[in-house]
Amino acid sequence: MTAPAPLTTPADVARNAAGRPVVQLRGVGKRYSNGTLAVAGVDLDLRRGEFASLLGPSGCGKSTVLRMIAGLGEPSAGRIDWPGAPRDGRGQPVRDVGFVFQEPTLMPWATALQNVMLPLRLEKVPSREAADRAAAALQSVGLDAFLRAYPRELSGGMKMRVSIARALVTEPRILLLDEPFAALDEITRHKLNDDLLALWAKAGFTVLFVTHSVFESVYLSQRIVVMAARPGRIVADLGIDAPFPRDAAFRTSVEYAEACKIVSARLAQAIVS
Ligand code: ADP
């Protein structure tokens, strides 16, 4: 992995290095059954409570990495370890992740509340408790007035909020998001960016956010992991040394513009490499 960019202060590097990893990827590779080598030699530690983005051009393997961390696909090389995670009855580490897909993927015949209750019902949580926890999760994303609304009655941004509430209702240690706001208009996307940061600041989970937008990754992240394609691999690991909370003033600051410039240059290098 390359050295951190000048955006990261030595104090940050020391602090981050000291943070305990929640998940560790070592030499992870993925070859799909059709022979495509999607990613190779990925080493990545995600530290407790950090907000990291995985940034790279389309097709460089970002989703493949995210899905393997979620257990939605097995690596064909290397290992994914979960230091300190509790073990299930078969001695396997409990991943404890929430996943937000590009599309909200809601059940159209179920209300917002029923959609968010689903992960709890799968965990056999009693209905009453599941309903209370789902209502609280919907409230945390600003949808307390829409518990009984069906997906067809909700805007694109509201459906994505339901999807985030469903991912968070089990209180996961890691939230994985796969370009969740790519289909939304800019104003809605900015609002959801802010709401996601507020949820993260409050609950303290670890975030890995996949995006191909430099601007979005710089706004949100403490750390940006840049990937390049053929095969998908990590080419830079950059710290974004700007304090939280971040807001509209940060988007128009010199600091933000400078960070976007540096990250864009790294991304451009990744695309030609
Ligand atoms: P990204 O998220 O960066 O756009 P992906 O992880 O989706 O990249 O894809 C990385 C590479 O793996 C691409 O070449 C893509 O076509 C290929 N790929 C993704 N999923 C599959 C699959 N299920 N079977 C075969 N190839 C796949």
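Residues numbered from 1 in each chain as written. Predicted model: local features only at pLDDT ≥ 70, side-chain atom pairs only at ≥ 80, totals over all residues. Heavy atoms only, no water.

1. Quick word on the domain arrangement of the protein chain
Right, on to step 1. Under the domain assignment used here, the protein chain contains domain 1 (1–80 + 181–273) and domain 2 (97–171).
Right, on to step 2. Distance between the C-alpha centres of domain 1 and domain 2: 26 Å.
Right, on to step 3. Counting residues at the interface gives twelve residues for domain 1 and eleven residues for domain 2.
Right, on to step 4. In this assembly, domain 1 packs against domain 2 so that about 970 Å² is buried in total across both faces, 80% of it on carbon and sulfur atoms.
Right, on to step 5. Remark: the boundary between domain 1 and domain 2 carries one salt bridge.
Right, on to step 6. Salt-bridge contacts for R161 lead to D195; the nearest nitrogen and oxygen are separated by 2.7 Å.
Right, on to step 7. Inspection of the region where domain 1 meets domain 2 yields one residue pair in polar contact (both at pLDDT 80 or more).
Right, on to step 8. Those elements that provide at least two residues to the side of domain 1 that touches domain 2 are α2 (62–70) and α6 (186–203).
Right, on to step 9. Looking at which element gives the most residues to the side of domain 1 that touches domain 2, the answer is α6, with five residues.
Right, on to step 10. In the side of domain 1 that touches domain 2, the residues fall into eight nonpolar, one polar and three charged. (Domains from an automatic or database assignment. Contact = heavy atoms within 4.5 Å. Buried area = accessible area lost by both parts, 1.4 Å probe. Salt bridge = Lys/Arg side-chain N within 4 Å of Asp/Glu carboxyl O. Polar contact = N/O pair within 3.5 Å; in protein donor to acceptor, adjacent residues only side chain to side chain. Helix = DSSP H or I, 4+ residues; strand = E, 2+ residues; numbered from the N terminus. Nonpolar A, V, L, I, M, F, W, Y, C, P; charged D, E, K, R; others polar.)

2. Some remarks on empty space enclosed by the protein
Right, on to step 1. Under the defined criterion, the tally for this structure stands at one cavity of 30 Å³ or more.
Right, on to step 2. Roughly 30 Å³ of internal volume is contained in the largest cavity.
Right, on to step 3. Residue assignment for the lining of the largest cavity shows that the elements contributing at least two residues are α5 (156–168) and α6.
Right, on to step 4. Looking at the lining of the largest cavity, the element that brings in the most residues is α6, giving four residues.
Right, on to step 5. In terms of residue class, the lining of the largest cavity is made up of five nonpolar, no polar and two charged.
Right, on to step 6. Each of domain 1 (1–80 + 181–273) and domain 2 (97–171) gives at least three residues to the lining of the largest cavity. (1 Å grid on protein atoms, 1.4 Å probe; cavity = no way out; pocket = protein on both sides within 12 Å on 5 of 7 lines; lining within 4 Å. Points joined across faces, edges and corners; volume = space filled by probe spheres on them.)

3. Concerning the sheet that holds strand β5 (residues 97–100)
Right, on to step 1. Spatially, β5-β6-β7-β3-β8-β9 is the arrangement adopted by the six strands of the open sheet, whose pairing is mixed. Pairing within the sheet leaves two strands with one partner each, and these edge strands are β5 and β9 (233–239). The mean inter-strand angle of the sheet, taken between neighbouring strand axes irrespective of direction, is 15°.
Right, on to step 2. Two strands pair when backbone bridges link them, and strand β8 (residues 223–228) and β9 are joined in this way by six bridges, in the antiparallel orientation. Bridge assignment links V226 to a residue of β9, and that residue is A236.
Right, on to step 3. On the sheet, α5 packs against β5 and β6 (174–178) and is oriented at approximately 165° with respect to β5.
Right, on to step 4. Packed on one face of the sheet, helix α9 (residues 254–272) meets β3 (51–55), β8 and β9 and runs near 20° to β8. (Pairing = 2+ DSSP bridges. Axes fitted to C-alpha atoms, helices over the stretch in contact; angles between N-to-C directions.)

4. Focus: α5
One full turn of an α-helix is made of 3.6 residues, so residues set three or four places apart face in the same direction.
Right, on to step 1. Helix length check: α5 (13 residues) gives 19 Å between terminal C-alpha atoms against 18 Å at 1.5 Å per residue, within 8%.
Right, on to step 2. Within α5, eleven of the 13 residues are buried, which leaves it mostly tucked inside the rest of the structure.
Right, on to step 3. Regarding α5, the residues found buried are G157, M158, M160, R161, V162, S163, I164, A165, R166, A167 and L168.
Right, on to step 4. As for α5, its buried residues are in contact with β5, α3 (112–122), α4 (127–140), β6 and α6. (Expected span 1.5 Å × (residues − 1). Buried < 20%, exposed > 50% of the residue type's maximum accessible area, 1.4 Å probe, protein only.)

5. What to know about the packing of aromatic side chains
Right, on to step 1. Enumeration over the complete set of coordinates arrives at eight aromatic pairs.
Right, on to step 2. Taking 5.2 Å as the distance between ring centres and 65° as the angle between the ring planes, the aromatic pair formed by F250 and Y256 counts as edge-to-face. A single burial state applies to F250 and to Y256, both of which are buried.
Right, on to step 3. The lysine or arginine in question, R251, covers the ring of Y219, its NZ or CZ lying 3.6 Å from the ring centre. (Phe/Tyr/Trp six-rings, centres within 6.5 Å; stacked < 30°, edge-to-face > 60°. Lys NZ or Arg CZ within 6 Å of the ring centre and 35° of its normal.)

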